[in-house]
Amino acid sequence: NSSDLSPSSFILASIPGLEAAHFWMAMVLCSVYILAVAGNCAVLFIVKTEPSLHAPMYFFLCMLAAIDLALSTSTVPRVLSFYWFNSREISFGSCLVQMFLIHTLSAIESTVLLAMAVDRYVAICHPLRYTAILTNAATAKIGLVAMARGVLFFLPLPLLLLPLPFCSSRVLSHSFCLHQDVMNLACANTTPSVVYGLTAILLVMGLDAIFICLSYVLILKAVLRLASWKERLKVVSTCVAHVCVVLAFYVPLIGLSVVHRFGKNLAPLVHITMGNIYILVPAVVNPIIYGVRTKQIQRRIL
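Residues numbered from 1 in each chain as written. Predicted model: local features only at pLDDT ≥ 70, side-chain atom pairs only at ≥ 80, totals over all residues. Heavy atoms only, no water.

- If you check an unreviewed UniProt entry, the chain appears there as Olfactory receptor from Pterocles gutturalis.
- The heading Sequence similarities (unreviewed entry) in the UniProt record of the chain holds the text "Belongs to the G-protein coupled receptor 1 family." (UniProt positions renumbered as here; feature names shortened; annotations may be inferred.)

Written out as structure tokens, the structure reads:
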């Protein structure tokens, strides 16, 4: 029988020829994960204990840190058990849950990055109305909308995969579960799943990227109206951290999408490396960027 309506498990991808190096690869991955957890927990603690940081910009930063913690924790421990204990199988239900968490948390992070861009736009273009527009209540509502948006758009992804029959090959391309990766193993028409997945990504990450770019176009126009270069550089410097965080999120996302779309014949190492970069790089880089760029956070760390 070449298919199964309800596969009991999937097989996580390994790198052929590097099985002997799994222990050391896991050590590197574990070290990066610990760094990500420590950095994001430090951001949460510092913002909570420093009254001067109780502002919308830093509340959004806390949301970002919490999302990065959840995203890395939903994947890395399972990957480490694979590398250290050779536990390659993941149950069908656990795979769908992990897939839902990865895509939903990524969508929430994208929405929070858009909210941070709007925060910078209001602070620079409408500074006198900043406190009236971005109140604590408005910030909390934005966080709830981001969460609801991610759940509503990406909950159908695992539901669309549930009724599909799967082929005898159950080997994934990554060390964790992604929608397109699992969908490619199905032995039926996956057009509804393909169309919905693409639509969800375009309506969430795609629109967010467009509005982030639009925010910075408006910010740039406002900066160019300033009289001196010193003032311009001072204003632009307040956006550098957010631009770096946006790039740290979208560049691995686009890279992973390109690998899935055009890299079917690439070596497994490329797929696994790109997947790990997508999961871990933003979680590690974000607290470092804001730690370097924010004087209040620097002082609290010291």
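### Some points on the state of the cysteines
Logical step 1: Scanning the entire structure with this criterion turns up one disulfide.
Logical step 2: Cys 95 shares a disulfide with Cys 177; S-S distance 2.0 Å. Taking the sign of the S-S torsion, -120 degrees for the link of Cys 95 and Cys 177, the bridge is left-handed. Within this pair, whereas Cys 95 is found in helix H4 (residues 92-125), its partner Cys 177 is found in the loop between strand E4 (166-167) and helix H8 (179-183), the two being separated by 82 residues in sequence. Accessibility classification places Cys 95 together with Cys 177 in one group, the buried group.
Logical step 3: Counting only cysteine sulfurs, Cys 41 is the nearest neighbor of Cys 30, a cysteine outside any disulfide, at a range of 14 Å.
Logical step 4: For Cys 30, a relative accessible area of 17% corresponds to the buried category.
Logical step 5: Just so you know, Cys 62 is unpaired, no disulfide at all, and the nearest cysteine sulfur is the one on Cys 41, 11 Å from it. (Disulfide = S-S within 2.5 Å. Helix = DSSP H or I, 4+ residues; strand = E, 2+ residues; numbered from the N terminus. Buried < 20%, exposed > 50% of the residue type's maximum accessible area, 1.4 Å probe, protein only.)

### Focus: helix H1 (residues 22-49)
Logical step 1: When the terminal C-alpha atoms of H1 are compared, their 40 Å separation across 28 residues agrees well with the 40 Å that a helix rising 1.5 Å per residue should span.
Logical step 2: Residues His 22, Ala 26, Leu 29, Cys 30, Tyr 33, Ala 36, Gly 39, Asn 40, Val 43, Ile 46 and Val 47 constitute the buried set of H1.
Logical step 3: At its buried positions, H1 is contacted by helix H2 (56-73), helix H3 (76-85), helix H12 (268-293) and helix H13 (295-301). (Expected span 1.5 Å × (residues − 1). Contact = heavy atoms within 4.5 Å.)

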